[in-house]
Amino acid sequence: MKEKYYITTPIYYPSGNLHIGHCYCTVAADAIARYKRLKGYDVMFLTGTDEHGQKIQDKAEAAGVTPQKYVDDIVVGIKQLWKDLDISNDDFIRTTEERHTKVVQKIFRKLYEQGDIYKGEYEGKYCTPCESFWTDTQLVDGKCPDCGREVKVVKEESYFFKLSKYQDRLIKFLEEHPDFIQPESRKNEMINNFIKPGLEDLCVSRTTFDWGIPVDFDPKHVVYVWLDALTNYITALGYLSDDDSKYQKYWPADLHLVGKEIVRFHTIIWPIMLMALDLPLPKQVFGHGWLVINGGQKIGKSFGNYVPPQEYIEKYSLDAVRYFLLREVAFGSDGNFTEELLVNRLNADLANNLGNLLSRTVAMIEKYFGGVVPEASYEGEYEKSLKETIKNSVADVERYMDKLEISKALESIWNIVSRANKYIDETTPWILAKDESRVEELKSVMYYLAETLRIVSVLIRPFLTRTPEKMWEQLGIATHTEWEDAKVFGLLEPETKVKKGANLFERVEFVPEEPKEEVVENQKEEITIDYLEKISLKVAKVLEAEKVDGSDKLLKLKVSLGTEERQIVAGLQKYYQPEELVGKKVVVVANLKKAKLKGIESQGMVLAAGEGDVVRALVVDDTVPEGANVN
Ligand code: MSP
């Protein structure tokens, strides 16, 4: 019977379109899954979407649709993206599916009944975009340590999960399973920064929003994010359902592949949940690094650098994108993504190195032997050396893949490709062809090249999904393309007919994008200093803030200008909880004509900056007195 291998990606938030950084994780998981299948494992590869929570509810509200409709639309796009990237997942779980929600409710109830979940009151700092609570010591400059945005104080009745009770068991487990958290550096970070300082019980329900799985015995609560999300790894297998055969077969997971920022949820909360449920723990959690732009920038719409991943595929081909993602960055570290780097890899490794090897080989076999692969009877020093490189590199590929060093595995394959190109220069077939007496040598060179390409075409199968078949077509190969066939030199049958085809990869000239013309839309007509002096900008302290009834945009503020108090209505509701603004010193236009907004008088305007989802009021530090002029 085949050995099983269960691999998962995180489930993605359908809160916007996914970007190339999200593809990085899924393509890596796909390469590992394909590799394991080729190695003969019975693979279960799971991905999906994490569809509940405040952020989704807010986005749906802003878009004027129900949360379900909102996620349904985005999930269609995510599934299409995985198709476009040839992701070979065996299942796709959505946390809004009944097969998930029902089981989460059962698990919540079980943990409550056995005393591991209890009711309490939560007060904490919460980052809405990241759906994370933070302790004061974790905040950086008072802001979310993950995304740098403002956090808000939240106080509410909540259920808690007793993480603290399991702390010692977790530490013992991590000591006894040194490979559980990978890479090594992430393990030390988890133990020293998160576990050793002491685990706090985890808030696992919320009452301030309702887009979540209701706690069935207390339905004003919905299950809060991690208990819902992490459980997908077992609900997708049918755990606690009528048919749990997949659970029986595939659990525990062999690998949870996750981004570095969610390692802590997977290596603290998840193992403890499983301990509490008395279930086996996954074998490994691997935290990969982030793809960043220009050496450090995060990727995403709110960072102004979003490009739909499909655009890269259309421009450069799917295999070029997959190759880049898997090859460029040492798996585990952060890596830089730019189109120029992608083009460099495409030109150098794919078009020049691999593409040329194939086209030169096929062209020479056509020219010297009428397109028929000859038999090899000669073996000299260059042939021996080429074979040696192949043997060592194949072993390296397996060794690296077993350690999830995907980039190094690809590097090993390209060692073979480079070695074979060098072999052409060493053996100079065009000179051999001129000398009748060296025809046996020439035959061997052609055979060795074609056979090397067959082996390469097998080795790249986990990584590039389109290129192997294109190579087989040109090499006239229909058999000996399974993984183990890469370990045997000489399987290619002589007499095979090759056929020249299109270039495997076209070279691309990289044209740096013209710096964008200044956006003129927002440019307003020039004004003189006299005009500016008509505008009175002043510092005002926010004394009170509340939502305006019947509006999802407006906040009613009471502000102090030192000598007077005023009421200002500001369109900041989407970006601030009212209490967040209280105490802040903001900049206001003080001499704006009085106006009524939603029937409420407003005297002045609060200045704010930003666009899209990120808008912040202009705030000055506390040392500036109320009423001070802004010049
Ligand atoms: N929903 C949670 C995961 C729950 S798993 C039980 C989540 N979703 S996410 O959509 O925000 O992120 C999904 C994955 O994409 C994470 O592993 C994250 O690290 C990864 N990436 C997001 N941006 C990335 C890059 N720029 N580069 C590499 N991976 C990135 O977190």
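What you are looking at is a predicted structure, and each value in this text was computed from that prediction instead of being measured.

K.L.:
I'm lost on the pattern of salt bridges in this one. Help?
P.N.:
In a structure, side chains of opposite charge can pair up when their charged atoms sit close to one another. Scanning the entire structure with this criterion turns up 50 salt bridges. The closest approach of N and O atoms between Lys558 and Glu544, which form a salt bridge, is 3.4 Å. Of this pair, Lys558 sits in strand β16 (residues 555-560) while Glu544 sits in strand β15 (residues 537-547), and the two are 14 residues apart along the sequence. Residue Lys558 is classed as partly exposed on the basis of its relative accessible area of 31%.

K.L.:
Would you mind showing me how to read the sheet that holds strand β1 (residues 4-12) here?
P.N.:
Hydrogen bonding along the main chain pairs the strands of a sheet, whether they run parallel or antiparallel. Read across the sheet, six strands follow the order β3-β2-β1-β11-β12-β7 without closing on themselves; strand pairing throughout is parallel. Single-partner strands in this sheet number two, and they are β3 (91-94) and β7 (181-182). In the sheet, β1 pairs with strand β11 (residues 255-259) via two bridges, with the strands oriented parallel. Pairing of Ile7 across the sheet is with Leu255, part of β11. Where helix α1 (residues 20-38) meets the sheet, its contacts fall on β1, β2 (42-49), β11 and β12 (285-288), and the angle it forms with β1 comes to roughly 170°.

K.L.:
How should the nonpolar core be read in this particular structure?
P.N.:
Soluble globular proteins: nonpolar side chains tend toward being buried together. By size, the foremost hydrophobic cluster in this structure holds 106 residues, and its most contacted members are Trp82, Trp414 and Phe463. When residues of this core are assigned to domains, at least three map to each of domain 1 (4-119 + 165-200 + 217-303) and domain 2 (338-487). With residues up to four places along the chain from it excluded, the contact list for Trp414 reads Tyr323, Asp349, Leu350, Asn353, Leu354, Ile460 and Leu464. Core analysis: the second largest hydrophobic core is formed by 68 residues, Phe108, Val204, Tyr247 and Val285 among them.

K.L.:
Looking at this model, I keep getting lost on the site of the ligand. Mind explaining?
P.N.:
Taken together, 23 residues lie around the ligand, and Ile11, Asp50, Gly259, Glu261 and Leu291 are the ones closest in. Contact between the ligand and Ile11: a nitrogen atom at 2.8 Å from a main-chain N or O atom of the residue. Tyr13 is positioned such that a nitrogen or oxygen atom in its backbone is 3.1 Å from an oxygen atom of the ligand. When residues of the shell around the ligand are traced back to their parent elements, those giving at least two are β1, α1, α7 (225-230), α8 (232-235) and β11. Tallied by class, the residues present in the shell around the ligand amount to 13 nonpolar, eight polar and two charged.

K.L.:
When you look at the sheet that holds strand β6 (residues 152-161) in this model, what are you seeing that I'm missing?
P.N.:
Strand order in the open sheet formed by four strands is β5-β4-β6-β8, with antiparallel pairing between adjacent strands. Of all strands in the sheet, those with a lone pairing partner are β5 (132-134) and β8 (202-203), marking the two edges. The strands that helix α10 (residues 263-276) touches are β5, β6 and β8; relative to β6, the one it contacts most, it runs at about 30°.

So, how was this worked out
- Starting afresh in each chain, residues are numbered from 1 along the sequence in its written order.
- Where local features are concerned, this predicted model is filtered to residues with pLDDT of at least 70; where side-chain atom pairs are given and counted, the filter is 80 or more; whole-chain, interface and lining totals use all residues.
- Note that the side-chain values use all heavy atoms of the structure and ignore hydrogens as well as water.
- Salt bridge, as used here, is a side-chain nitrogen of Lys or Arg placed within 4 Å of a carboxyl oxygen of Asp or Glu.
- Strands are runs of DSSP state E lasting at least 2 residues, helices are runs of H or I lasting at least 4, and numbering of each runs from the N terminus.
- Residue burial is assigned from relative accessible area. The probe radius is 1.4 Å, only protein chains are included, and a residue is buried under 20% of its type maximum, exposed over 50%, and partly exposed in between.
- When DSSP locates at least two bridges between a pair of strands, those strands are taken to pair.
- Residue contacts follow a heavy-atom distance rule, with two residues in contact if any of their heavy atoms lie within 4.5 Å.
- Note on definitions: angles span 0 to 180 degrees between N-to-C directions of axes, and those axes are lines fitted to C-alpha atoms, for helices only across the stretch in contact.
- The nonpolar core is taken to be a set of buried Ala, Val, Leu, Ile, Met, Phe, Trp, Tyr and Cys residues, with the residues joined through side-chain atoms within 4.5 Å.
- Domain extents, as shown, originate in an automatic or database domain assignment.
- The near set for a molecule or strand comprises every residue that places at least one heavy atom within 4 Å of it.
- What qualifies as a polar contact is a pair of N or O atoms within 3.5 Å, subject to a donor-acceptor requirement within protein and to the restriction that residues adjacent in sequence count only when both atoms come from side chains.
- Three categories are distinguished: nonpolar for Ala, Val, Leu, Ile, Met, Phe, Trp, Tyr, Cys and Pro, charged for Asp, Glu, Lys and Arg, and polar for the others, with Gly belonging to the last.

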